[in-house]
Amino acid sequence: MRSNEIELRFLYLAIDLVILNIAIAIMFSINSIPWMVTINAESLNALLLNLSAVITYTVFSSRNLYLHDDFSNRVKRITKRFFVLIAVVFVLANVLLPNGFSYVFLLQSAILFYVGKLIFYYILYEYLQFRRTKGFFVHRVLVIGVNEMSVFLRKLLDNNPMLGYEFVGYVSARTSTEEDVLGQMSDLEKLVEKHKIDILFVTLSEYNDLKKSKELLSVCNRIGVRLRFVPENQYWFKPSMNME
């Protein structure tokens, strides 16, 4: 799990740098300021902007998880990063660039990068939403337990399509009339087969017991689904995540 998270962080950083360098290339192609025509000037601008982007990404290194399915939350997050990027660019420019160097090109490139990033992530967001509604490349999920953690977990799954999960329903430890509760633990195998479930998330503290967890794992191995334990009322992941 940890290695996958690190890989994703590098992927998102790579996406940022690709968008940034496209923005830089566009600005070089349309900008006619004389001092910018030299290779040294171009290299210095590109290096400074890329270094600033890496530093900014490091400052915002926590993974983004959203509690509301609204692209405006993503816009807020990207905008915060943009203002930090601007601050880092100007600090580095004062240190690295020679006297009399213009900041106009740096600012123009940063703004174009911001716009490009908004466009890219909006398209990605809409694509992932569409993919989920069509059931393409998503993992169908049952959550075992109905409690504060399971409700919180559902919000994360529903509002973060980039995670690739589709919430199907709850499995309760006792009889329940709630609409999203599909059945009880005794119905687990039938529910997995009926709803084509790929992953089970367990939020019940009683499965902290080694014997119970092994029994459930044995069932999962038999019916061919993956199992994830989420400790009830233990938000252990919050320090490394950004919740909005």
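For the structure itself, consult the block above.
These notes cover the structure that comes with them. Residues take numbers from 1 onward in each chain, read along the sequence in its written order. At least 70 in pLDDT is required for a residue's local features to be given in this predicted model, at least 80 for side-chain atom pairs to be given and counted, and no such filter applies to totals for whole chains, interfaces and linings, which use all residues. Hydrogens are left out, water is left out, and the side-chain values use all remaining heavy atoms of the structure.

Counting from the N terminus, the helices are the DSSP runs of H or I reaching at least four residues and the strands are the DSSP runs of E reaching at least two. Regarding its fold elements, the chain presents seven helices and seven strands. When its helices and strands are written in sequence order, the chain yields α-α-β-α-α-β-α-β-β-α-β-α-β-β. Burial classes follow relative accessibility: with a 1.4 Å probe on protein chains only, a residue under 20% of its type's maximum area counts as buried, one over 50% as exposed, and anything between as partly exposed. Residues counted as buried form 43% of the 244 residues belonging to the chain. The criterion used for residue contact is that any of the two residues' heavy atoms lie within 4.5 Å. Pairs at least 24 apart in sequence give 78% of the contacts found in the chain among residues at least 6 apart. A total accessible area of about 13700 Å² is found for the chain, and carbon and sulfur atoms account for 61% of it. What sets the accessible areas is the Shrake-Rupley method with a 1.4 Å probe; for residues, cover comes only from the shown protein chains.

What follows is about the pairing of strand S6 (residues 226-229). In this analysis, strands are considered paired if DSSP registers two or more bridges between them. Bridging between strand S5 (residues 199-202) and S6 involves four bridges; their strand directions are parallel. Paired with Phe-201 across the two strands is Arg-228, which belongs to S6.

A few words now on the side chain of Asn-147. Counting through the fold element by element, Asn-147 comes out in the loop between strand S2 (139-144) and helix H5 (148-159). Pairs of N or O atoms are called polar contacts if they sit within 3.5 Å, as long as, within protein, a hydrogen donor faces a hydrogen acceptor (for residues adjacent in sequence, only side-chain-to-side-chain pairs). At 3.1 Å, the side chain of Asn-147 forms a polar contact with the backbone nitrogen of Met-149. A polar atom in the side chain of Asn-147 sits 3.2 Å from the backbone oxygen of Thr-203.

Function-wise, these values are silent; they only describe arrangement.
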